[in-house]
Every structure is written in structure tokens, then in C-alpha cells.
Amino acid sequence: MVDADEHEPAGTDESGDIVGSEDADGGAGTLTDTYVAAIQHELVELPADATRVGVVRKPTSWFHGAVDENRPELGPPADLLETFRRREEDMKMRGLCEEGAHNAAWDEVGFEEAYREYLEESNEARAAIEDLESRLAAGESLALVCFENTEKKRCHRTVLRDVLSTGSSE
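Computed from a predicted model, the values in this text were never measured in an experiment.

### Overview of the nonpolar core
In this structure, L74, Y115, L119 and L160 are the most contacted members of the largest nonpolar core, which totals 42 residues. Counting only elements with at least two residues in this core, the list comes to β1 (31–35), α1 (36–40), α3 (78–93), α4 (98–108), α5 (111–121), α6 (123–137), β4 (142–146) and α7 (156–166). The contacts of Y115, once residues within four sequence positions are left out, are L74, G75, P76, P77, L80, H156, V159 and L160.

### A short note on the pattern of salt bridges
Scanning the model with the defined rule gives 17 salt bridges in all. Two residues, R86 and E82, come together in a salt bridge whose shortest N-O distance is 2.8 Å. Placement of both R86 and E82 in helix α3 is noted, with a separation of four residues, approximately one turn of the helix. Classification of R86 as partly exposed rests on a relative accessible area of 47%.

### Brief notes about the packing of α3 against α5
With their axes 11 Å apart at the nearest point, α3 and α5 run at an angle of 170 degrees to one another. Of the possible angle classes, the one that applies to α3 and α5 is roughly antiparallel. Side by side, α3 and α5 meet where L80, L81 and F84 of the first sit next to F111, A114 and Y115 of the second. When its residues are assigned to classes, the contact of α3 with α5 shows six nonpolar, no polar and no charged.

### Regarding the sheet that holds β1
Within the open sheet, the four strands sit side by side as β1-β4-β2-β3. Their pairing is parallel. For this open sheet the edge positions go to β1 and β3 (69–70), each flanked by a neighbour on one side alone. Of the pairings in the sheet, the one linking β1 to β4 comprises five bridges and is parallel in character. If you follow T32 over to β4, its bridge partner there is A143. Contacting β1, β2 (51–54), β3 and β4, α6 crosses the sheet at an angle of about 145 degrees to β4. Set on the sheet, α7 makes contact with β1 and β4; between it and β1 the angle comes to about 175 degrees.

### Looking at the packing of α3 against α4
At a minimum axis separation of 8 Å, α3 and α4 run at an interaxial angle of 135 degrees. In terms of axis orientation, α3 runs oblique to α4. The interaxial crossing formed by α3 with α4 has right-handed handedness. Two secondary-structure elements touch here, α3 through F84, R87, E88, M91 and K92 and α4 through E98, A101, H102, A104, A105, W106 and E108. Split by residue class, the contact of α3 with α4 holds six nonpolar, one polar and five charged.

### A few points about the packing of aromatic side chains
For any pair of aromatic rings, the description rests on two quantities: the centre-to-centre distance and the angle between the ring planes. Tallied over the full model, the rule gives five aromatic pairs. Residues F63 and F147 carry aromatic rings whose centres are separated by 5.0 Å and whose planes lie at 50 degrees to one another, so their mutual orientation is tilted. Of this pair, F63 sits in helix α2 (residues 61–64) while F147 sits in the loop between β4 and α7, and the two are 84 residues apart along the sequence. For the pair Y115 and Y118, a centre-to-centre distance of 6.3 Å together with 25 degrees between the ring planes defines the contact as stacked. With a gap of three residues between them, Y115 and Y118 both fall in helix α5, about one helical turn apart. Residue classification places Y115 among the buried residues on the basis of a relative accessible area of 0%.

### Observations concerning α4
Among all positions of α4, only A101, H102, N103, A105 and W106 are buried. Where the residues of α4 are buried, they touch α3, α5 and α7. After α4 finishes, the residue G110 shows a positive phi value of roughly 60 degrees.

Rules behind the numbers
Residues numbered from 1 in each chain as written. Predicted model: local features only at pLDDT ≥ 70, side-chain atom pairs only at ≥ 80, totals over all residues. Heavy atoms only, no water. Core = buried A, V, L, I, M, F, W, Y, C linked by side-chain atoms within 4.5 Å. Buried < 20%, exposed > 50% of the residue type's maximum accessible area, 1.4 Å probe, protein only. Helix = DSSP H or I, 4+ residues; strand = E, 2+ residues; numbered from the N terminus. Contact = heavy atoms within 4.5 Å. Salt bridge = Lys/Arg side-chain N within 4 Å of Asp/Glu carboxyl O. Axes fitted to C-alpha atoms, helices over the stretch in contact; angles between N-to-C directions. Parallel < 35°, antiparallel > 145°, perpendicular 65-115°, else oblique. Nonpolar A, V, L, I, M, F, W, Y, C, P; charged D, E, K, R; others polar. Pairing = 2+ DSSP bridges. Left-handed = near helix turned anticlockwise from the far one by under 90°. Phe/Tyr/Trp six-rings, centres within 6.5 Å; stacked < 30°, edge-to-face > 60°.

In short, the description is geometric, and any link to function would need to be established separately.
In C-alpha cells form, the structure reads like this:
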């Protein structure tokens, strides 16, 4: 992700990568990701034709204005988020900075593993992943969007991007 004082090269996400590429025959679309503030403050240039797909469980009204659609079933499950947030707050109370507490809590609760398990076991999440995979295969470009700036904090969005780019939902 980019901070307010940084800008990314055109056509890249916060990590500088675009997964997939459209071929001359209109093959696979591109897959990228970013966070909502980067869109709102024009800190990232997404492919012009990319559909901005929110992947948050409980979007705010202003979040809806920054995305073309939201797939709440691809947001982390409520119990995982609650456990994570409690642990993150505990770590902040112990003196860790916001980013440090966030990332340490991510590791302690096994967030990535739990989220991947959710994506594999939830019928709704699997159906949403299959839909996005089909859209990518048909040539649509997608940009996954949530709240976290992954330059500083870990985020489920990057795990989801990995699942979509490797076809791990099968």
C-alpha cells in the first residue's frame, strides 16, 4: 500500500504487482488489490477497467461509494475478527504501537490460517470465490478492496488475492 506521501506507478497495486494479464484474445483478467482510503485520496491507480470489489463483512456507507460491489461473504468471519480485535487491544494496552499490535495479534490468533480455513469451509465464501474466478477467466479485471493499508498491517485481502491468483478454492 501507499502512504499519503507516496504514489504508486500506474497500473499497480500497493505491492506493485498485478496478477494475471489480459491476452490478445481477451483471456484472463487482471487481479489487484488496494484499500479504500487509497481510492478515496487517489493514492493508487487501478486498471481503468477494473471492477472494485469490496471484501468487507460490514461496510460503511462511505465504503459503498468507493467500490462497485461488496462481497461480505469474503470478509473474515465475525468470531475471527472479534478474537483478533480483542488480542490487538490487549497488545496496545501493553504498549505496542497500532501496527505492531495489529501484526502481532494476526500471528497470535493464527489469522491467515483461520481465514483460509473459512474460505474453504464456507459455502457462501466458496461460491463467491468461484464467481470471481469465473469473472477473471472471462477477462474481467478485478480490484479487491477493504480497509487496511498493507504497507503497515497484514490483511485478509492479500490472503484472498493469493487464493484467487493460485486457484486454491478448488
